[in-house]
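Structure at a glance
Listed below, chain by chain, are the residues.
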Amino acid sequence: MKNLIKFLVLLMLLQSCNYFTFKSNEREAVARVNDTYLYKDDLLKIFNSDLSKQDSILLANSYINNWVKQQLLLSKAQINLEDSQFDFEALVKKYREDLYINSYKEAVVKQYLDYEITPEDIEKFYIENSQNFKLNEELVKLKYIKIGKNLINKNELIKLFESSKKKDLDTLQAREIFLKAHHLNDSIWVKLSELYSKVPILKDIDKQELLKKDNFVKKEDSLSLYLVKIKNVLNRNDVAPKSYITPSIKQMILHQRKLQLLKNIEETLIEDAQNKKQFEIY
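Residues numbered from 1 in each chain as written. Predicted model: local features only at pLDDT ≥ 70, side-chain atom pairs only at ≥ 80, totals over all residues. Heavy atoms only, no water.

Okay, the pattern of salt bridges next. A complete count under the given rule lists 18 salt bridges for this structure. Between Glu220 and Lys149 there is a salt bridge, with its nearest N and O atoms 3.3 Å apart. Placement of the pair is Glu220 in strand 6 (residues 215-220) and Lys149 in the loop between strand 3 (139-148) and helix 5 (154-162), with a sequence separation of 71 residues. The exposure class of Lys149 is partly exposed, given its relative accessible area of 25%. With a shortest N-O distance of 3.3 Å, Lys212 and Glu209 are connected by a salt bridge. Overall, Lys212 belongs to the partly exposed group, its relative accessible area being 39%. Ionic contacts of the salt-bridge type, sharing partners, join the residues Arg27, Asp41 and Asp42 into one network. (Salt bridge = Lys/Arg side-chain N within 4 Å of Asp/Glu carboxyl O. Helix = DSSP H or I, 4+ residues; strand = E, 2+ residues; numbered from the N terminus. Buried < 20%, exposed > 50% of the residue type's maximum accessible area, 1.4 Å probe, protein only.)

Spelled out as structure tokens, the structure:
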């Protein structure tokens, strides 16, 4: 078989880009499993002009071997499951029908779904469903920095971090080259688990002690100094803030619109079919 495959690929490479153009109308087989054949022209789809001769040989080998295994498995399955209770024809029919219907629905949704979501849409949805947005873990607003303990300008960085002035925060941001790690935007909510992953040393602090509004934490290990300023805290079972939950709200709104659009289409389809007497229920 290997010699046949090599001959096949070499022949293909010698025939310009018109692969497997033969004078004979009779198809030439390259492999057989029982009464099923794989033909040279079946391999046409797998090749492209960018492949080297060696790559083409490897690809042809792989394709033919996989085809043989697939046919052997199929043959064995057909023999062993011939008398089983599985109605494969019905399953295939159902799958085909579902594939058509779902593809049609996706096309309709893509064409007609309103993807524009306004701030008013988000606000309305948030108010109506706020009790469904309970937090399952704590959220914090904070800023933190991690710096080397022996850094020359360490005291300057600490002073800038402790300041509440915007210009000092901007200056600290400009000095980020001296920071091993940092998070300076204390206007966004962050999961406590994310904070722990970025600053593992905080796990050593009692959670209730750590999660206090306006709490300032200073910790160090053998190499680094950690400064953390907790601005605000939301606890488990508190309602998630709108700013935090907005991406999820957008997805929920789109999902609702999609369901409503499909429902409307189904109702219109049935009404139109009734008017045209396309179906009857006995």
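From this point, things continue past the structure.
To continue, consider the environment of Val217. Topologically, Val217 is positioned in strand 6. Here Val217 falls in the buried class, since its relative accessible area comes to 7%. The spacing of Val217 and Tyr144 is 73 residues in sequence and 9.2 Å in space, taken between C-alpha atoms. When neighbours within four sequence positions are excluded, Val217 is seen to be in contact with Leu202, Ile205, Leu210, Tyr226, Leu227 and Val228. (Contact = heavy atoms within 4.5 Å.)

Now for a nonpolar patch on the surface. Side chains of Leu81, Phe88 and Leu91 sit close together on the surface and give an oily, nonpolar patch of about 270 Å² of accessible area. Note on placement: Leu81 falls in the loop between helix 2 (53-80) and helix 3 (88-112). Leu81 gets classed as partly exposed once you look at its relative accessible area, which sits at 35%. (Patch = residues over 30% accessible without salt bridge, like charges linked within 9 Å, V, L, I, M, F, W, Y side chains within 5 Å. Areas by Shrake-Rupley, 256 points an atom, 1.4 Å probe, with all protein chains shown as cover.)

Each aromatic ring pair is specified by the distance between its two centres and by the angle formed by the two planes. A complete count under the given rule lists 4 aromatic pairs for this structure. Between Phe125 and Phe133 the ring centres are 6.4 Å apart and the planes differ by 35°, which places this aromatic pair in the tilted class. For the pair Phe125 and Phe133, a shared accessibility class is recorded, and that class is buried. With 6.0 Å between their ring centres and 10° between their planes, Tyr126 and Phe133 make a pair best called stacked. (Phe/Tyr/Trp six-rings, centres within 6.5 Å; stacked < 30°, edge-to-face > 60°.)

Negative phi is the rule for most residues except glycine; trans is the rule for most peptide bonds. You will see that Asn34, though not glycine, has its phi angle at about 55°, which is positive. The class of Asn34 is partly exposed, set by a relative accessible area of 45%. A positive phi angle, near 65°, is found at Asp214, a position not held by glycine. Inspection of the secondary structure puts Asp214 in the loop between helix 8 (207-210) and strand 6. Exposure remark for Asp214: the relative accessible area of 49% places this residue in the partly exposed category.

Next up on the list: the pairing of strand 6. One ladder, built from 6 bridges, connects strand 6 with strand 7 (residues 224-234); its direction is antiparallel. Paired with Lys219 across the two strands is Tyr226, which belongs to strand 7. What sits between the antiparallel neighbours strand 6 and strand 7 is a turn of 3 residues. (Pairing = 2+ DSSP bridges.)

Next up on the list: the environment of Asp204. You can see Asp204 is positioned in the loop between helix 7 (192-198) and helix 8. Residue class for Asp204 comes out exposed when judged on its relative accessible area of 61%. In this structure, the C-alpha to C-alpha distance between Asp204 and Lys219, residues 15 residues apart in sequence, is 9.8 Å.

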